[in-house]
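As a plain string of letters, each chain reads:
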Amino acid sequence: MVQKAVQLDGETFSCSICLNLLKVPVTIPCGHSYCLNCIKTHWDEEDGKKLHSCPQCRQTFTPRPALVKNTMLAELMEELKKHEVPVAPADHCYAGPEDVACDFCTGTKLKAVKSCLMCLVSYCEKHLQPHYDVAQLKKHKLVEPSKNLQENICPRHDEVMKMFCRTDQQCICYLCSVDEHKGHDTVSAAAERTERQRELEGSRQQIQQRIQDREKDLKVLQQEVEALNRSAEKTLEDSEKIFTELIRLIEKRRSEVKQKIRSQQETEVSRVKELQEKLEQVINELKRKDAELEQLSRTEDHNQFLHNYPSLSQLSESTDTSSVNIRPLRYFEDVTAAVSELRDQLQDILRQTWTNISSLVTQVDVLLLDPKAEPETNMDKHLIISDSSGCFTATSRTRTKDQSWILKYSCEITLDPNTANEYLLLSEGNRKVTVMSQKQSYSSHKDRFIHWYQVLSRESLTGRCYWEVEWRGTGVDIAVAYKNISRSGFGDECGFGYNDKSWALRCFQSNWKTKQFCFNNIKTPVSGPQSSRIGVYLDHRAGILSFYSVSETMTLFHRVQTTFTQPLHAGLYAGFEDGDTVKFCKLN
């Protein structure tokens with residue numbers, strides 16, 4: 001009977017849960033058999049339901065049946081194992097060119113699963129089994145398969161290198177320690193490993209701490225990205241609404257102008273047509289009167305002529321109209337001119353506002369760590385505080401001119417003609433100022449500097465900006481100022497650097513040998529080389545304003561650390577003699 005069972009397919013005696021041959025087979029009340037651990041685990045998961053079922057027929061049992069080993073099936077399983085045909089290893093179990101091969105296998109070698117540091121041999125799973133069963137072999141050190149086991153053998157003495165020479169920082173065998181390494185600081189490789197492991201753990205802790213710190217930074221950056229995206233989407237939505245309102249307002253005004261033009265057109269045309277009708281009536285009346293007079297003139301009877309003449313010769317007042325005088329009107333051309341002026345004003349406003357908007361957009365700068373945030377950054381260690389107002393002077397300030405930095409923050413500045421003093425001539429696309437002896441033909445404007453030879457930029461400045469100014473003549477004030485600086489007075493409230501609304505670097509002709517920085521009428525002497533080209537760096541958010549002498553190198557004249565509460569405008573005081581010039585340079 002056993003022989004017949006042996007001939008059965010192994011699947012007949014497989015557990016339907018694990019799909020392997022039954023291990024410690026048990027039979028439950030419905031007659032199906034399972035591995036003891038398989039059915040026990042299955043019923044453990046069903047304990048919460050208080051019902052225990054057969055995985056195959058789904059019959060339920062209450063209470064949980066006791067599980068007892070089926071001895072007959074167990075004996076049958078042992079016989080099946082004895083007669084089981086050995087299964088050849090799968091192709092992926094054989095060692096390939098890149099694998100570590102078992103040293104004990106003959107013929108085609110299997111992959112090694114472990115290497116023994118005591119035996120210096122690599123074993124497949126089958127040949128490794130004695131290391132798990134034999135007491136002496138259980139003490140051997142097993143590691144992941146290695147091709148470099150021979151590196152553990154001393155090439156001089158052909159012994160396992162179990163020592164470490166700290167003097168020469170190399171692994172050695174015991175014979176080396178009493179031979180060429182005699183007198184050296186030697187320890188066991190295990191002890192050295194313990195020491196290095198301790199150092200390794202310290203390094204790992206540092207690395208893990210850095211990982212944690214960087215992960216925190218990463219989380220912060222992710223939060224910044226999310227906040228940035230939310231802010232951008234909200235701003236886009238709000239901007240779209242605002243622009244829609246502006247478009248709607250312009251459309252409304254366009255419709256109103258169109259309606260008024262059409263209404264006035266209808267009124268005036270109606271008046272002209274009414275007058276035309278009256279004139280046509282007068283012409284008809286005159287033509288009728290002319291016909292009567294012509295007929296009278298042909299009357300041959302003198303008495304009849306004289307009798308009718310008095311009544312026919314009198315002209316009625318309705319026909320005695322004055323001539324129509326057409327005034328030399330331009331009709332609706334003035335309206336076109338007014339609309340064109342509105343367009344020009346809107347363009348100016350939009351151009352200036354766009355500069356503000358654009359600079360505010362580029363001012364959004366999440367990353368604050370910028371090694372080139374300002375040219376003198378690498379010289380901050382040389383800076384000394386010169387006064388309590390936030391002004392700094394440098395004792396070592398020269399560096400090579402950094403073109404990449406200049407291009408990154410450079411901004412194109414033009415001057416606003418509405419702010420220019422009447423003795424200043426603007427040219428070169430409103431980038432150059434020249435002092436003139438005669439007044440220029442500027443229109444009256446509330447933003448114009450009346451008494452000071454000054455002018456402000458059209459653009460307002462926020463964020464990070466850099467520009468350069470070149471001057472010729474008796475002197476120049478290179479400044480930044482709030483838009484609400486006074487314009488019409490003679491006093492300090494209008495002059496750059498004489499009030500709390502402007503900051504100015506004052507440069508004089510070379511033979512005067514002096515420069516000053518002015519703010520709120522406080523003058524700070526500034527040292528440095530004479531220069532006709534001055535660079536200005538502004539970081540509005542950080543409150544930094546810096547002035548440089550510019551040539552092949554850049555030398556820091558002066559640096560201010562303060563708080564700017566409003567957008568700034570670049571300002572120029574062009575000197576006081578006819579022909580003095582100053583201009584904003586184009587940076588390529």
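Keep in mind it's a predicted model, so treat the numbers as computed, not measured.

## Some thoughts on the overall build of the protein
Across its full length, the protein holds 10 helices and 26 strands. Within the span of the protein, comprising 588 residues, buried residues form 31% of the whole. Sequence-distant contacts in the protein: of pairs separated by 6 or more residues, those separated by 24 or more amount to 56%. Surface accessibility of the protein: about 38500 Å² in total, with carbon and sulfur atoms responsible for 53%.

## Notes on the sheet that holds strand β9 (residues 170–172)
One open sheet accounts for 3 strands, arranged β9-β8-β10; its pairing is antiparallel. Whereas interior strands pair on both sides, the edge strands pair on one side only; in this sheet they are β9 and β10 (186–188). Within this sheet the neighbouring strands show an average axis-to-axis angle of 35 degrees, counted without direction. Of the pairings in the sheet, the one linking strand β8 (residues 163–165) to β9 comprises 3 bridges and is antiparallel in character. Among the inter-strand pairings, Met163 is bridged to a residue of β9, identified as Ile172. Running over the sheet, helix α7 (residues 189–297) touches β8 and β10 and is turned about 90 degrees from β10.

## Focus: the packing of aromatic side chains
Aromatic ring pairs are described here by two measures, namely the spacing of the ring centres and the angle between the planes. Within the structure shown, the criterion is met by 11 aromatic pairs. For the pair Phe305 and Tyr309, a centre-to-centre distance of 5.9 Å together with 25 degrees between the ring planes defines the contact as stacked. One end of the pair, Phe305, and the other, Tyr309, are both in helix α8 (residues 302–313), 4 residues apart, so they sit about a helical turn from each other. What makes Tyr309 partly exposed here is its relative accessible area of 42%. On the basis of an interplanar angle of 85 degrees and a centroid distance of 5.1 Å, the ring pair of Trp503 and Phe564 is categorised as edge-to-face. One end of the pair, Trp503, is in strand β19 (residues 502–508); the other, Phe564, is in the loop between β24 (553–561) and β25 (568–573), and 61 residues separate them in sequence. Here Trp503 and Phe564 have matching classes, each one buried. Through successive ring pairs, a cluster of aromatic residues spans Tyr482, Trp503, Phe519 and Phe564. The ring of Phe449 has Arg487 lying over it, and the distance from NZ or CZ to the ring centre is 5.2 Å.

## Let's talk about the pattern of salt bridges
Any two side chains of opposite charge can pair, so long as their charged atoms come close to each other. Counted under the stated rule, the structure contains 30 salt bridges. Between Arg196 and Glu192 there is a salt bridge, and its shortest N-O distance comes to 2.7 Å. On the criterion of helical spacing, the pair formed by Arg196 and Glu192 is a turn pair, its members being 4 residues apart in helix α7. Of the charged contacts in the structure, one is a salt bridge between Lys446 and Asp447, with a shortest N-O distance of 3.3 Å. Take Asp447: its relative accessible area is 16%, and that puts it in the buried class. Connected through salt bridges with shared partners, the residues Arg166, Glu192, Arg196 and Glu199 form a single ionic network.

## A short note on the side chain of Asp416
Position of Asp416 among the secondary structure elements: in the loop between α10 (403–409) and β14 (424–427). Although Asp416 is buried, it forms no salt bridge, and the closest oppositely charged side chain is Arg458 at an N-O distance of 4.7 Å. In contact with Asp416, not counting residues within four places along its chain, are Leu426, Val455, Leu456, Ser457 and Arg458.

## Quick word on the confidence of the model for the protein
Averaged over all residues, the pLDDT of the protein is 82; the fraction at 70 or higher stands at 85%. Within the model, the stretch residues 376–397 combines pLDDT values under 50 with 47 contacts to residues more than four positions away or in other chains.

## Thoughts on the sheet that holds strand β6 (residues 121–123)
The strand order β6-β5-β7 describes an open sheet built from 3 strands, whose pairing is antiparallel. A single partner strand is all that each edge strand has here, and the edge strands are β6 and β7 (142–143). Pairing analysis gives 2 bridges linking strand β5 (residues 114–116) to β7, with the strands arranged antiparallel. Bridge pairing links Cys116 to Leu142 in β7.

## Comments concerning the nonpolar core
Ranked by internal contacts, the top residues of the largest apolar core, which has 36 residues, are Val433, Trp467, Trp503, Leu545 and Phe547. For Trp503, the residues in contact, after removing those within four places along its chain, are Ile478, Ala479, Val480, Tyr482, Phe517, Cys518, Phe519, Leu545, Val560, Thr562, Phe564 and Leu568.

## As for helix α2 (residues 36–46)
Here α2 has its buried residues at Cys38, Ile39, His42, Trp43 and Glu46. Looking down the long axis of α2, one finds its buried residues gathered within 120 degrees of arc, a one-sided arrangement. In this structure, α2 carries Asn37 and Glu45 as exposed residues pointing more than 90 degrees from its buried face. Elements in contact with the buried residues of α2: β1 (25–27), β2 (33–35), β3 (52–53) and β4 (60–61).

Calculation criteria
Residue indices follow the written sequence of each chain, beginning from 1 at its first position. Residue-level local features of this predicted model are given only where pLDDT is at least 70; pairs of side-chain atoms are given and counted only at 80 or more, and the full residue set underlies all totals for whole chains, interfaces and linings. Note that the side-chain values use all heavy atoms of the structure and ignore hydrogens as well as water. Per the convention used, a helix needs a DSSP run of H or I reaching at least four residues, while a strand needs a run of E reaching at least two, with both numbered from the N terminus. Three labels apply to residues, based on accessible area from a 1.4 Å probe with only protein chains included: buried if under 20% of the type maximum, exposed if over 50%, partly exposed otherwise in between. Contacts between residues were defined by any pair of non-hydrogen atoms, one from each residue, lying within 4.5 Å. Areas reported as accessible are Shrake-Rupley estimates using a 1.4 Å probe. Residue values count occlusion only from the protein chains shown. Strands are labelled as partners when DSSP assigns at least two bridges between them. The axes are straight lines fitted to the C-alpha atoms, using for helices just the contacting stretch, and the angles between their N-to-C directions are given from 0 to 180°. Pairing of aromatic rings covers Phe, Tyr and the six-membered ring of Trp, with a centre-to-centre limit of 6.5 Å; geometry is then stacked below 30 degrees between planes, edge-to-face above 60, and tilted otherwise. By definition, being over a ring means that NZ of Lys or CZ of Arg is both within 6 Å of the ring centre and within 35 degrees of the ring normal. Basic side-chain nitrogens of Lys or Arg form a salt bridge, by our definition, when they fall within 4 Å of a carboxyl oxygen of Asp or Glu. Charged residues are defined narrowly, with Lys and Arg counted positive, Asp and Glu counted negative, and His plus the chain ends left uncounted. Each residue carries a pLDDT value, the predictor's own confidence for that position, ranging from 0 to 100. Here, nonpolar core means buried Ala, Val, Leu, Ile, Met, Phe, Trp, Tyr and Cys residues that are tied together by side-chain atoms lying within 4.5 Å of each other. Note that the arc is computed from the directions linking the helix axis to the C-beta atoms.

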